[in-house]
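Below are the chains, spelled out letter by letter.
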Amino acid sequence: MRTRRLTLTAAGAAAVLAAATAGCTGAPAGTQEGGVSAAELLAKTRTCHRISHGTYRTDQEKRPSVQVCGARGAVFFTADLDVDCDGQRTERCNERTDPWYQDDTAYHDSAGRPLRADRLPYVVIPGPSGVWDHRSAGVEGGSVVAVIRGDRVHYAVVGDTGPKEIIGEASHATARALDIDPDPARGGTDEPVTYVVFTGPRVRPIESHDAAVDLGDRLAREFVRTG
């Protein structure tokens, strides 16, 4: 769990930027995943039945504005995307590249290790609070998430928990797949990103992205068919 988006000093920002640039090659975005389009999924999110008891901030300095909505088979919200690099220490994700780096994630892979943020697409869910407890909605580690930016859909898993008052964060690999700057110090986007988190079946093993795509595509098809 991390506290995000603190203000760096000019010298600190420069140092982090230099280290992060050296450690990140900026892999190109992937193609559309699954057979359900962004338009089909977004059509199901036009009406919100709010299940959160209040709203979340997208960053520490922002006013609370994001509500979590419930639907049959899923919960969803639209926020920004901050880049999470927590978990296994790699060339791209470490204390030099990320001023908020932590060497653990809330959920672990099948070998008991923290997840690898620069390889595995995962989403960060706010920690349980009076605003919302994800567990009560059937959301846990390994729950599959359709992450939508523009006309692009990519699948991820719930892989970490974050600050109780902030929402809108995903792993380095998720950002890269969506053609978002994945640098944990200066990357991310303030543009709208919609997260559809499917309740029920979870990805096993959590680190298998192929399994996430297969399950996500099936759950997305069921979601868009529901009345």
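Read on for an overview of the structure. (Residues numbered from 1 in each chain as written. Predicted model: local features only at pLDDT ≥ 70, side-chain atom pairs only at ≥ 80, totals over all residues. Heavy atoms only, no water.)

## Examining the packing of aromatic side chains
Part 1 of the reasoning: Applying the stated criterion across every chain yields a total of two aromatic pairs.
Part 2 of the reasoning: Between Phe-77 and Tyr-195, the ring centres sit 4.9 Å apart and the planes meet at 20 degrees, which makes this aromatic pair stacked. Taken together, the positions of Phe-77 in strand β3 (residues 74-84) and Tyr-195 in strand β8 (residues 189-202) put the pair 118 residues apart, joining distant regions of the chain. By the burial criterion, Phe-77 is buried, and Tyr-195 matches it.
Part 3 of the reasoning: Taking the centre distance of 5.9 Å and the plane angle of 75 degrees together, the rings of Phe-198 and Phe-223 count as edge-to-face. You can see Phe-198 sitting in strand β8 and its partner Phe-223 sitting in helix α4 (residues 209-225), a full 25 residues away along the chain. Like Phe-198, the residue Phe-223 is buried in the burial classification. (Phe/Tyr/Trp six-rings, centres within 6.5 Å; stacked < 30°, edge-to-face > 60°. Helix = DSSP H or I, 4+ residues; strand = E, 2+ residues; numbered from the N terminus. Buried < 20%, exposed > 50% of the residue type's maximum accessible area, 1.4 Å probe, protein only.)

## Description of the state of the cysteines
Part 1 of the reasoning: Evaluation of the coordinates by the stated rule reveals two disulfides.
Part 2 of the reasoning: Bridging Cys-48 to Cys-69, the disulfide has an S-S length of 2.0 Å. The sign of the S-S torsion, about -100 degrees, decides the handedness of the disulfide formed by Cys-48 and Cys-69: left-handed. With a gap of 21 residues between them, Cys-48 in the loop between α2 (38-43) and β1 (49-50) and Cys-69 in strand β2 (residues 69-71) connect regions that are remote in the sequence.
Part 3 of the reasoning: Accessibility expressed as a relative area gives 30% for Cys-48, which makes it partly exposed.
Part 4 of the reasoning: Residue classification places Cys-69 among the buried positions, given a relative accessible area of 5%.
Part 5 of the reasoning: Two residues, Cys-85 and Cys-93, share a disulfide whose sulfurs are 1.9 Å apart. (Disulfide = S-S within 2.5 Å.)

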